[in-house]
Amino acid sequence: MANFGTWLYTRRKGRLIGKDGDGRCYYESTGPARRGGGVERPERWVIYLKGEDPSAVPPEWWGWLHHTLDAPIPQEERKPWQLPSQPNLTGTAQAYRPSGSSYKTGQHPPATGDYESWSPEA
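All figures in this text were calculated on a predicted structure; none of them were measured in a lab.

(A) The packing of aromatic side chains, seen in detail. Applying the stated rule across the entire model yields six aromatic pairs. Between the aromatic rings of Tyr-26 and Trp-61, the centroid separation amounts to 4.0 Å while the plane-to-plane angle is 5 degrees, which identifies the pairing as stacked. With Tyr-26 in strand β2 (residues 25-34) and Trp-61 in helix α2 (residues 59-65), this pair connects stretches of sequence that are 35 residues apart. Exposure remark for Tyr-26: the relative accessible area of 0% places this residue in the buried category. Ring centres of Tyr-26 and Trp-64 lie 6.4 Å apart, and the angle between their planes is 85 degrees; this geometry places the pair in the edge-to-face category. Of the two residues, Tyr-26 is situated in strand β2 and Trp-64 in helix α2; the sequence distance between them amounts to 38 residues. Overall, the relative accessible area of 2% leaves Trp-64 in the buried class.

(B) Just the pattern of salt bridges, in detail. Evaluation of the coordinates by the stated rule reveals six salt bridges. Between Asp-22 and Arg-24 there is a salt bridge, with its nearest N and O atoms 3.2 Å apart. Residue Asp-22 is classed as exposed on the basis of its relative accessible area, which comes to 53%. Arg-24 is the salt-bridge partner of Glu-52, the closest N and O atoms lying 2.8 Å from each other. Of this pair, Glu-52 sits in the loop between β3 (40-47) and α2 while Arg-24 sits in the loop between β1 (14-19) and β2, and the two are 28 residues apart along the sequence. Each of Asp-20, Asp-22, Arg-24 and Glu-52 takes part in one network of salt bridges that share partners.

Calculation criteria
- Residue numbering note: each chain is counted from 1, following its sequence as written.
- With the structure being a predicted model, the display of local features is reserved for residues of pLDDT at least 70 and the display and counting of side-chain atom pairs for 80 or more, all residues being used for whole-chain, interface and lining totals.
- Think of the side-chain values as coming from all heavy atoms in the structure, minus any hydrogens and water.
- By convention, a stacked pair of Phe, Tyr or Trp rings (six-membered ring in the case of Trp) has centres within 6.5 Å and planes under 30 degrees apart, an edge-to-face pair has planes over 60 apart, and any other such pair is tilted.
- Under the DSSP-based scheme used, a helix requires at least four consecutive residues in state H or I and a strand at least two consecutive residues in state E, with every element numbered from the N terminus.
- The buried label applies to any residue whose accessible area, calculated with a 1.4 Å probe on protein chains only, is under 20% of its type's maximum; exposed applies above 50%, and partly exposed to all values in between.
- Here, a salt bridge means any Lys or Arg side-chain nitrogen found within 4 Å of an Asp or Glu carboxyl oxygen.

Here it is, written out as structure tokens:
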């Protein structure tokens, strides 16, 4: 969800390159932009869906955004063992909670007796 300034800049200087499976739009500037080190290359950006953060960008588009790839990886070139992209779920109810975590059950697990406290030798 773009604010007015981003929307206006995108309309004036952006060229739609494509959309991912979730509907995010990826743009490239129509002219080169000078970046650090004197390298001239077009700017690339994404218009996120409402409430998303950058971890929502799938890997096939991440490489293109960061100028690692010249074009996004087509969906048909993905390997069968590659899982679908997921955003970072840290801080949400769907975040990974390992067994023994007090966040998983809401209670601290009982002591198992395999811990010995350390004390310095005087």
